[in-house]
Every structure is written in C-alpha cells, then in structure tokens.
Amino acid sequence: MKKLFLIFIPGLLLSGCGSSESFEDKEILEKVDKQASKISVSKEVLDEMIQTLPSPIETANLITKSKSSFKKDLLIPAGNAEKFSDKYGQALALGGYGVDMGYLNLNDKTIYIIEYLDAIRTVSKDLKVDAFFNFSLMSDLAKNRKNVDSLIHISTENFNKIDEHFRSQSRGDLSVLILVGSWVEGLYMFDKIALENKTQDIVNRIGEQKVIIDNMYAILNKIEHVEYYKQLKTKFDALKKVYDDVKISYVYHEPKMKEVNGELIVEDNTETIINITDEQLKAISIEINKLRNNLFLN
Amino acid sequence: MKNNIYPRLKKFMIIITSFVIFYSAMSFNTMKKKECNSEQLLSKGFDRLKKYSLIKGYPFSFNEKKKNKPVEYLKQIVTLNRGVKYKFFAVPNDDFEGQPVITIHNNEKQEFLLATTYNFNFKKFYDEINFECKTTGNYCLSFSFLDGKEGCAVGIMAFLE
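Nothing here was measured: the structure is a model prediction, and the numbers come from that model.

### Brief notes about the overall build of chain A
Okay, step 1: Looking only at helices and strands, chain A features 12 helices and 5 strands.
Okay, step 2: Counting across all 298 residues of chain A, residues that qualify as buried make up 42%.
Okay, step 3: Across chain A, the fraction of contacts at a sequence separation of at least 24, relative to all contacts at a separation of at least 6, is 78%.

Take a look at the structure:
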C-alpha cells in the first residue's frame, strides 16, 4: 500500500522580529511571575504537548550522529551561567547547557565536563532544582572516560526528574523552556555543522526541524497569555516564518517487521521529501544565530 | 435464663470480632494487591535498557472495562527523529491481570499502525518493539491492557546512543 500525504501548514503572516528587551527589568519580572502562576492550560494538555519536543540528550545524540568534528566553541560559554538572572532565562539555559553536556559526554570530552557541570549547578541552584543533581558523583564519574555511559544515564535521569518536579508544581511551562533552550542550541549546532560540511543529511536535519518549531509554537500559543511567553513567541516569529515556506511531504510504505528473540524489529519505510532552498537555509542560519545570541549570550 | 445470655453473647461477640478481623485483613490484602507503584516499575524498566537511554516512562493504569464500553487507553503524541533506533516496552505490575499493549501509529490521526507489542491476528505478545525511525515527525503511542482487563504498568521509551 502506498499513500502520498502532504503536509501543508498554512503560512502564518507573523510580523515583527526578535525583541531586544532585557529580562532584567525587575518590575516586568514580578508581573510575569504573577501571571505565570495563572497559566490556564490544563496540566494534562501541557504534559501531553511537552512530549512533542525532543529532550536535551536526544538533541545532543543527533548532533553527535552527524559525525562532525568536536568543536568547543559551539558551546554556550560556561561562564555565562551567572548571567541568567530570572527563572525563565535559567530554565532556557539549563536546556542549552543540557545539550552542551550531552555533546561533551557523547564525544568523550570529559576534560570539559567539570566546567559545564559547574554551569549547570549555577543555573539549577537558582532554579531550585540543584537537589536533583548529584554533582559530586557526576564530577567523580567525569574523571574517567569509561564512565561516560553512566554519566549520560544519570544526566538523562536528572533532567526527567526536574521535568516531573516542575510539572508536579504546575510549572510545566519551565519544562517547556528547558526543551526550547535545548532545541535552540541544537539547531544552532546543526547550522554550524552545515556551514562547515553541507551534506544532504544535515540539510534535511535542519529542514525537518519544521516539525519541532510547529510543535513549539502550538505550545507557546497555549501559554502566550503570560507576557513572558508572548515575548518569547515574538522572538521566534522570524524563524517560524522561514520554516513556514519549507515544505515536507511523506510517502508511506508498509514497515518491514521481523521477530528476533521475542522482540519485534520494525523498520519504518516512510519516505520523507524535504524541499528547502539555499536561501531558506541562509535565512534559518541568520535567524537561529540571532535567537541564540538573544537567549544565551546577551 | 439470664445466666445463659452471657455465654451466647460472648460467642456472638467472638463471631462478630472474627468477621471484622477477617474482612479487615481481606480488604488490607486487596488494597495491598491493588497498589500501583510506577516508581518501582520504572526502576525495573531502567534495568532492562542496556545500551539504550531512557527518554520517558509513561505510567498507565485502568480499571476493568465495563460491558459494551471500549477499551480505555493512554494516548501520547511524541516526536521521533529520523536515523534513531527507539525501543518501546512495558513493565507490568504482575499483581494485576491486565497484560499491557503498546502501539505506534504514524501520526496524531492514527492513520497507519506501524508497530504493536501484541499481534491480534496471531494472538502473540512481543517483549519489546525496536523501531528504526526513517522520518522525523509526530507519532502516536497508545498504552492499554489486552481486552480491557484491570492493569497497572509503565511504558518505556528509549533510544540507542
């Protein structure tokens, strides 16, 4: 059976570019905080939607799979950790540093792990989730490259616990920010890899992020009645607008299945056709750099 | 006459007390049996991962379905990435009768069934699904219990590093 089904996502005529407003205005922050406690989306809906965003370790895994050479300058400087002055920025940074940490782990760069553990400790302490990390154990593990698998397991477990904690406190929006932060950092890395070595695989990887930005927008639409999320969504507008013109179509074929030792091995045979032009790639590159600078470096 | 009442009353009280103790013990056992601790199940699932990294555990539990009612299920949209090998399996609480079933459909509308831990044609269970994803996109997972039996389990989603 073969069926062609196209995804057409209507182009949204979104105006405006990334806002350059500082998060450090205390009055705004207090107002935002009060509003955040009034997030009207049901916990169940937010919980379900959060699952449509990739976790930091998944993003780091995809970057490592691209087989590009390791580059430390792709990472958010660890020293920036203290600059994130409110919990929104800290949650975004936790996601960004989470990808960086995964990237270091998956590339066996234990030499840099300690400074990034410190960065994670700083932002997580301000977010009051540092109790979920066993930093001394992680520092010990980081001293030996043989422990990389354990470090990855522990890091993933910690991020899952933080996510559960935020959701149990009805602050699933902060979990969203962690995932948004990790996605921004991931797309920035894909872009830098593409600039160095533009393979079709990495181009497709950038193009298919349309799925994720659409999911992200769907969540931000639900919580944009909170001023902070309205501003955040505005910052994504320009990038979203570029992605609206990227076309993805799918051709479905029956998956191949076989049973091995009681396990069902399923090979998905769906074909994906991604139409992305060089101009769109350039525009994505410009916008993701602006966005990342705005979120992590300013 | 009055003398006969006390032994009878005593006997009656012993019977009543025995009943109370018996039913209390029964209900305690039932409560204990019905306990659905997802933390323990998740921990068991973690031990089965080997080279895979946990993405998420999905606790799910349902009461036995009523006659003429559809089987209840937990539906979850997730995004899977092209080129990644995913593993899905369920860790059931064996105190419950329900045998967990996980299915994967291609999108939110559940147009095509891509994989399931239970083959309805052959009435066969698979321990887990290893899914090699070729298309980045939204997929629909569903978690239920075979024939709508009462059950308690955690669904595990993991990826190969």
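### Side note on the overall build of chain B
Okay, step 1: Within chain B one finds 2 helices and 10 strands.
Okay, step 2: Ordered by position from the N terminus, the helices and strands of chain B form the series α-α-β-β-β-β-β-β-β-β-β-β.
Okay, step 3: In chain B, buried positions account for 35% of the 161 residues.
Okay, step 4: Partitioning the intrachain contacts of chain B with sequence separation of at least 6 by distance along the chain shows that 79% fall at a separation of at least 24.

### Considerations on helix α10 (residues 209-223) of chain A
Okay, step 1: Between its first and last C-alpha, α10 of chain A extends 21 Å over 15 residues, near the 21 Å set by a 1.5 Å rise per residue.
Okay, step 2: Looking at α10 of chain A, one finds that the buried residues are Gln209, Lys210, Val211, Ile212, Asn215, Met216, Ile219, Leu220 and Ile223 of chain A.

### Examining the sheet that holds strand β10 (residues 151-160) of chain B
Okay, step 1: Spatially, the 6 strands line up as an open sheet ordered β3(A)-β4(A)-β8(B)-β3(B)-β10(B)-β1(B), and their pairing is mixed. Each edge of the open sheet carries a strand with a single partner, namely β3 (256-260) of chain A together with β1 (52-62) of chain B. Strand-to-strand, the axes of this sheet are offset by a mean angle of 20 degrees, without reference to chain direction.
Okay, step 2: Running at roughly 35 degrees to β10 of chain B, helix α2 (residues 38-47) of chain B makes contact with β1, β3 (85-92) and β10 of chain B of the sheet.

### Some points on the confidence of the model for chain A
Residue and element names in this part refer to chain A.
Okay, step 1: Across chain A, the average pLDDT comes to 83, with 85% of residues at 70 or higher.
Okay, step 2: Within chain A, no element has a lower average pLDDT than strand β1 (residues 3-7), which sits at 34, and none a higher one than helix α12 (residues 278-297), at 97.
Okay, step 3: Overall, residues 1-30 carries pLDDT values under 50, and its contacts beyond four positions in sequence, including any with other chains, amount to 39 contacts.

### Things to note about the nonpolar core
Okay, step 1: In this structure, Tyr97, Ile120 and Val123 of chain A are the most contacted members of the largest nonpolar core, which totals 78 residues.
Okay, step 2: Top element by residues in this core is helix α8 (residues 172-196) of chain A. It accounts for 14 residues.
Okay, step 3: If we skip the residues at most four places from it in the chain, Val123 of chain A touches Ala81, Phe84, Gln90, Ala93, Leu94 and Tyr97 of chain A.
Okay, step 4: The next biggest cluster of nonpolar side chains, apart from the first, holds 37 residues, and it includes Phe60, Phe62, Cys152 and Ala158 of chain B.

### Let's talk about the pairing of strand β4 (residues 263-267) of chain A
Okay, step 1: Burial of β4 of chain A is one-sided: the residues Leu264 and Val266 of chain A facing one way are buried, the residues Glu263, Ile265 and Glu267 of chain A facing the other way are not.
Okay, step 2: Summarising the sheet, β3 of chain A and β4 of chain A pair through 5 bridges and their orientation is antiparallel. Its bridge partner lying in β4 of chain A, Glu259 of chain A is registered against Leu264 of chain A.
Okay, step 3: In this antiparallel pair of consecutive strands, β3 of chain A and β4 of chain A, the connection spans 2 residues, and Asn261 of chain A shows a positive phi of 50 degrees.
Okay, step 4: When β4 of chain A meets strand β8 (residues 128-132) of chain B, the two strands line up parallel, connected through 5 bridges. Bridging from a neighbouring strand, Glu263 of chain A pairs with Glu128 of chain B of β8 of chain B.

### Quick notes on the interface of chain A and chain B
Okay, step 1: Contact with chain A, which involves 34 residues of that partner, is made by 30 residues of chain B.
Okay, step 2: For the side of chain A that touches chain B, the elements supplying multiple residues, two or more each, are α3 (56-65), α7 (148-168), α10, β2 (247-252) and β4 of chain A.
Okay, step 3: Across the side of chain A that touches chain B, the residue classes tally to 14 nonpolar, 12 polar and 8 charged.

### Some remarks on helix α4 (residues 87-106) of chain A
Okay, step 1: In a regular helix each residue adds 1.5 Å, so 20 residues correspond to 28 Å; α4 of chain A covers 28 Å between its end C-alpha atoms and thus fits that length.
Okay, step 2: In the stretch just after α4 of chain A, Asp108 of chain A is the one whose phi turns positive, near 60 degrees.

### Quick notes on unusual backbone geometry
Okay, step 1: Positive phi outside glycine occurs at Asn261 of chain A, with the angle close to 50 degrees.
Okay, step 2: Inspection of the secondary structure puts Asn261 of chain A in the loop between β3 and β4.
Okay, step 3: Backbone geometry at Asn68 of chain B places phi at a positive 65 degrees, although glycine is not the residue there.
Okay, step 4: Within the secondary structure layout, Asn68 of chain B lies in the loop between β1 and β2 (73-80).
Okay, step 5: Residue Asn68 of chain B is classed as exposed on the basis of its 5 C-beta neighbours within 10 Å.

### So, the environment of Tyr112 of chain A
Residues and elements named next belong to chain A.
Okay, step 1: Within the secondary structure layout, Tyr112 lies in helix α5 (residues 110-126).
Okay, step 2: On the neighbour-count criterion, Tyr112 (18 C-beta atoms within 10 Å) is partly exposed.
Okay, step 3: Residues Tyr112 and Met101, spaced 11 residues apart in sequence, show a C-alpha to C-alpha distance of 9.0 Å.
Okay, step 4: In this view, Tyr112 contacts Lys72 and Leu104; residues no more than four positions away in its chain are not counted.

### A short note on the packing of α5 of chain A against helix α6 (residues 135-142) of chain A
Residues and elements named next belong to chain A.
Okay, step 1: The interhelical angle for the contact between α5 and α6, taken along N-to-C directions, is 165 degrees, at an axis separation of 9 Å. Looking at the two axes, α5 sits roughly antiparallel to α6. In this structure, α5 meets α6 at a crossing whose hand is right-handed. For the pair α5 and α6, contact is made by Thr110, Ile113, Ile114, Leu117 and Arg121 and by Phe135, Met138, Ser139 and Ala142, respectively.

### Brief notes about the sheet that holds strand β4 (residues 100-105) of chain B
Residue and element names in this part refer to chain B.
Okay, step 1: Strand order in the open sheet formed by 4 strands is β2-β9-β4-β5, with antiparallel pairing between adjacent strands. If you trace the sheet from one side to the other, it starts and ends with β2 and β5 (113-116), each paired once. This sheet shows a mean twist of 25 degrees between the axes of neighbouring strands, independent of strand direction.
Okay, step 2: Across 3 bridges, the pairing between β4 and β5 is antiparallel. Looking across to β5, one finds that Ile104 is bridged to Ala115.

Parameters and conventions
- Residues numbered from 1 in each chain as written.
- Chains lettered and ligands numbered in written order.
- Predicted model: local features only at pLDDT ≥ 70, side-chain atom pairs only at ≥ 80, totals over all residues.
- Helix = DSSP H or I, 4+ residues; strand = E, 2+ residues; numbered from the N terminus.
- Buried ≥ 20, exposed ≤ 12 C-beta atoms within 10 Å, placed from the backbone.
- Contact = placed C-beta atoms within 7 Å.
- Expected span 1.5 Å × (residues − 1).
- Pairing = 2+ DSSP bridges.
- Axes fitted to C-alpha atoms, helices over the stretch in contact; angles between N-to-C directions.
- pLDDT = per-residue confidence, 0-100.
- Core = buried A, V, L, I, M, F, W, Y, C linked by C-beta atoms within 7 Å.
- Nonpolar A, V, L, I, M, F, W, Y, C, P; charged D, E, K, R; others polar.
- Parallel < 35°, antiparallel > 145°, perpendicular 65-115°, else oblique.
- Left-handed = near helix turned anticlockwise from the far one by under 90°.

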